[in-house]
Amino acid sequence: AQGNLLTKRMNPLKVTSALKRSYATLAHHIPQDLSRLADTDLLLNQLPAHLFGEEIALHLGIPWAILSVIPLTRTRFHPMIGFPDWPSFLPGYNLFTYRLAEQIGWQLFRSAINNWRKQLGMPEQKLFGNFEAIHRSHVPVLCGFSEHVVPRPPDWGERR
């Protein structure tokens, strides 16, 4: 008998492989779909690690914003969801967890995104992606959760 999905053990390698195939398929179809976005004024991107958002916005020449239904924006005040809290006393640990999570997402999908960028005539992203530039440019992040549930960290600033 099949068990409940919540009680089944999932093979991380199979899940990762399925995600990579899914995003490669998405990347393959995006160039065809871009023509339907000609009248778009703003791109809202909710994909993990901001996948494809910057590229689509640059291609269309429009601004973009990141949507987040869980706290994914870097902060010094708590670690990224899924990382243990107990090492938070270590200097730099909390920010490191966000950078590590960004890199995990980026490295999984880097080849799909860079292949897609080539199709659009854009240069490939570097080995570690464009996260630092995105954070420095202050791309707005729209948070889909209440500050009563997740208190707003002081270092998020006005654009979060």
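Everything numeric here is computed off the predicted structure, so don't read it as measured data. (Residues numbered from 1 in each chain as written. Predicted model: local features only at pLDDT ≥ 70, side-chain atom pairs only at ≥ 80, totals over all residues. Heavy atoms only, no water.)

**Re the sheet that holds strand E1 (residues 43-45)**
The sheet built from 3 strands is open, its strands ordered E1-E2-E3 with parallel pairing. With one partner strand each, in any of the chains shown, E1 and strand E3 (141-143) form the two edges of the open sheet. Across this sheet, the average inter-strand angle for adjacent strands is 30 degrees, counted without regard to direction. Note: strand E2 (residues 64-68) against E3, 3 bridges, orientation parallel. Bridge assignment links Ile66 to a residue of E3, and that residue is Val141. Sitting on the sheet, helix H2 (residues 53-60) is in contact with E1 and E2, with an inclination near 170 degrees to E1. (Pairing = 2+ DSSP bridges. Helix = DSSP H or I, 4+ residues; strand = E, 2+ residues; numbered from the N terminus. Axes fitted to C-alpha atoms, helices over the stretch in contact; angles between N-to-C directions. Contact = heavy atoms within 4.5 Å.)

**Looking at the environment of Leu42**
As for its placement among the helices and strands, Leu42 is situated in the loop between helix H1 (12-33) and E1. Overall, Leu42 belongs to the partly exposed group, its relative accessible area being 44%. Separated by 20 residues in the primary sequence, Leu42 and Ile62 have C-alpha atoms spaced 5.9 Å apart. Setting aside anything within four residues of it in sequence, one finds Leu42 in contact with Ile62, Pro63, Trp64 and Ala65. (Buried < 20%, exposed > 50% of the residue type's maximum accessible area, 1.4 Å probe, protein only.)

**Quick word on unusual backbone geometry**
Located in the positive-phi region is His138, a residue other than glycine, with phi close to 60 degrees. Mapped onto the secondary structure, His138 falls in the loop between helix H4 (131-137) and E3. With a relative accessible area of 43%, His138 lands in the partly exposed category.

**Here's the deal with the pattern of salt bridges**
The full count for this structure, using the stated rule, is 7 salt bridges. For Asp155, the salt bridge goes to Arg76, with nearest N and O atoms at 3.8 Å. Pair noted here: Asp155 is in the segment after E3 and Arg76 is in the loop between E2 and helix H3 (93-119), with a separation of 79 residues, a long-range link. The exposure class assigned to Asp155 is partly exposed, which follows from its relative accessible area of 25%. One salt-bridge network, held together by shared partners, links Arg74, Arg99, Glu102 and Glu132. (Salt bridge = Lys/Arg side-chain N within 4 Å of Asp/Glu carboxyl O.)

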